[in-house]
Amino acid sequence: MSLGLEKLATESSSHYDNLEKMSIRELLEGINNEDKTVPYAVEKCIPQIEALVSQIVPRMKAGGRLFYIGAGTSGRLGVVDASECPPTFGVPFGMVVGIMAGGDRAIRKAVENAEDDIEQAWIDLQEYEINTNDCLVGIAASGRTPYVVGGLRTARQHGILTGCVVCNAGSAVAAEAEFPVEPVVGPEFVTGSTRMKSGTAQKLVLNMISTSVMIQLGRVKGNKMVDMQLTNLKLVERGVRMVMNELNISHEEASELLHTYGSVRNAVDNYRN
């Protein structure tokens, strides 16, 4: 039985052939040439991203959460974006949640047939007691992953805001999402290898979503991560410099303030008070 993959832009034949006969330089230049097209595909989607973010922000300001669901590379990208929000923006763990088909063990090793279960995503989401205050974004390069289709469909039936990031136009996943984002990047350098251009496009879009949401939630001041978690020496030193520059004080005084109050924002606010 044909799966109809030939109709998908993500499955169409590469612009390059006989890859095994190319030199290393030719391979790298070919990959880079394809990668250059990705930001332009994302640029075309800015109105779609804006529409989705505009719906997410008020829900999160009211205490809602942002969930990502996906499988394979798409799921891993969601997990990465979610896991980076607490250290970058100082938000609680659980405010942005990445869930992937097959569970956490699938982050490192593929779980057979996990993405083909159309019911499992909703089951996974129930562990977090997802509700109408929350937002759900499905991530699927192909736009046809059953795990994502089913999760979005059931969430929408329960009145939960739904969006998606897919790399084919007019997909089944997009049909289940109220606010689809569709960066169509075309053929991969290695035919069908959506960890490449499609994965890059998804990473860019997820960065745009989470970063713009966090800025709207007040988690950035000026252009600085004033709520970042000070989890290593590099970040502590960055924080000290931020306090120094903001208050025009010495390194020693800034370091003492940061140590006392635990974050750049608290250090600056308490100094001024």
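Report follows, based on the coordinates. (Residues numbered from 1 in each chain as written. Predicted model: local features only at pLDDT ≥ 70, side-chain atom pairs only at ≥ 80, totals over all residues. Heavy atoms only, no water.)

### Overview of the sheet that holds strand E1 (residues 66–70)
Okay, step 1: Taken together, the 5 strands give an open sheet; going across it, the order is E2-E1-E3-E4-E5, and neighbouring strands pair in parallel fashion. Strands with a single pairing partner mark the edges of an open sheet, and in this sheet they are strand E2 (96–100) and strand E5 (179–181). On average, each strand axis in the sheet is inclined to that of its neighbour by 20 degrees, with strand direction left out of account.
Okay, step 2: With 6 bridges joining them, strand E3 (residues 135–140) and strand E4 (residues 161–166) adopt parallel strand pairing. Residue Val137 lies in a different strand from E4, and its bridge partner there is Gly163.
Okay, step 3: Against the sheet, helix H4 (residues 72–89) contacts E1, E2 and E3, and its axis sits at roughly 160 degrees relative to E2. (Pairing = 2+ DSSP bridges. Helix = DSSP H or I, 4+ residues; strand = E, 2+ residues; numbered from the N terminus. Axes fitted to C-alpha atoms, helices over the stretch in contact; angles between N-to-C directions. Contact = heavy atoms within 4.5 Å.)

### Describing the pairing of E2
Okay, step 1: Counted residue by residue, E2 has 5 buried out of 5 residues, so it is predominantly covered.
Okay, step 2: Here E2 shows no split at all, with Val96, Gly98 and Met100 on one side and Val97 and Ile99 on the other all buried.
Okay, step 3: Two elements, E1 and E2, share 5 bridges in a ladder whose sense is parallel. Each residue of the ladder has a partner; that of Gly70, found in E2, is Met100.
Okay, step 4: In the classification by handedness, the crossover that spans E1, the intervening H4 and the parallel E2 is right-handed. (Buried < 20%, exposed > 50% of the residue type's maximum accessible area, 1.4 Å probe, protein only. Right-handed = clockwise from strand over helix to strand, strands pointing away.)

### Considerations on the layout of surface pockets
Okay, step 1: Estimated volume of the largest pocket: approximately 540 Å³.
Okay, step 2: The wall of the largest pocket is formed by 29 residues, among which Ala71, Gly72, Glu115, Ser142 and Thr145 lie closest to the centre.
Okay, step 3: Counting residues per element, the ones that place at least two in the lining of the largest pocket are H4 and E3.
Okay, step 4: Element by element, the count of residues in the lining of the largest pocket is highest for H4, at 4 residues.
Okay, step 5: Tallied by class, the residues present in the lining of the largest pocket amount to 14 nonpolar, 10 polar and 5 charged.
Okay, step 6: Empty space within the second largest pocket amounts to approximately 150 Å³.
Okay, step 7: In this structure, the second largest pocket is lined by Lys221, Gly222, Asn223, Lys224, Val226, Met242, Asn245, Glu246, Val264, Arg265, Val268 and Asp269.
Okay, step 8: Within the residue set of the lining of the second largest pocket, elements represented by two or more residues are helix H9 (233–247) and helix H11 (264–272). (1 Å grid on protein atoms, 1.4 Å probe; cavity = no way out; pocket = protein on both sides within 12 Å on 5 of 7 lines; lining within 4 Å. Points joined across faces, edges and corners; volume = space filled by probe spheres on them. Nonpolar A, V, L, I, M, F, W, Y, C, P; charged D, E, K, R; others polar.)

### As for the packing of aromatic side chains
Okay, step 1: Within the structure shown, the criterion is met by 2 aromatic pairs.
Okay, step 2: Their ring planes at 55 degrees and their centres at 5.1 Å tell us that Tyr16 and Phe189 sit as a pair that is tilted. You can see Tyr16 sitting in the segment before helix H1 (24–35) and its partner Phe189 sitting in the loop between E5 and helix H8 (197–216), a full 173 residues away along the chain.
Okay, step 3: Take Tyr16: its relative accessible area is 24%, and that puts it in the partly exposed class. (Phe/Tyr/Trp six-rings, centres within 6.5 Å; stacked < 30°, edge-to-face > 60°.)

### Comments concerning the environment of Asn245
Okay, step 1: Tracing the backbone shows Asn245 in helix H9.
Okay, step 2: Residue classification places Asn245 among the exposed positions, given a relative accessible area of 63%.
Okay, step 3: Separated by 88 residues in sequence, Asn245 and Gln157 place their C-alpha atoms 50 Å apart.

### Observations concerning the environment of Asn266
Okay, step 1: Along the chain, Asn266 falls in helix H11.
Okay, step 2: Look at Asn266 and you get partly exposed, because its relative accessible area is 35%.

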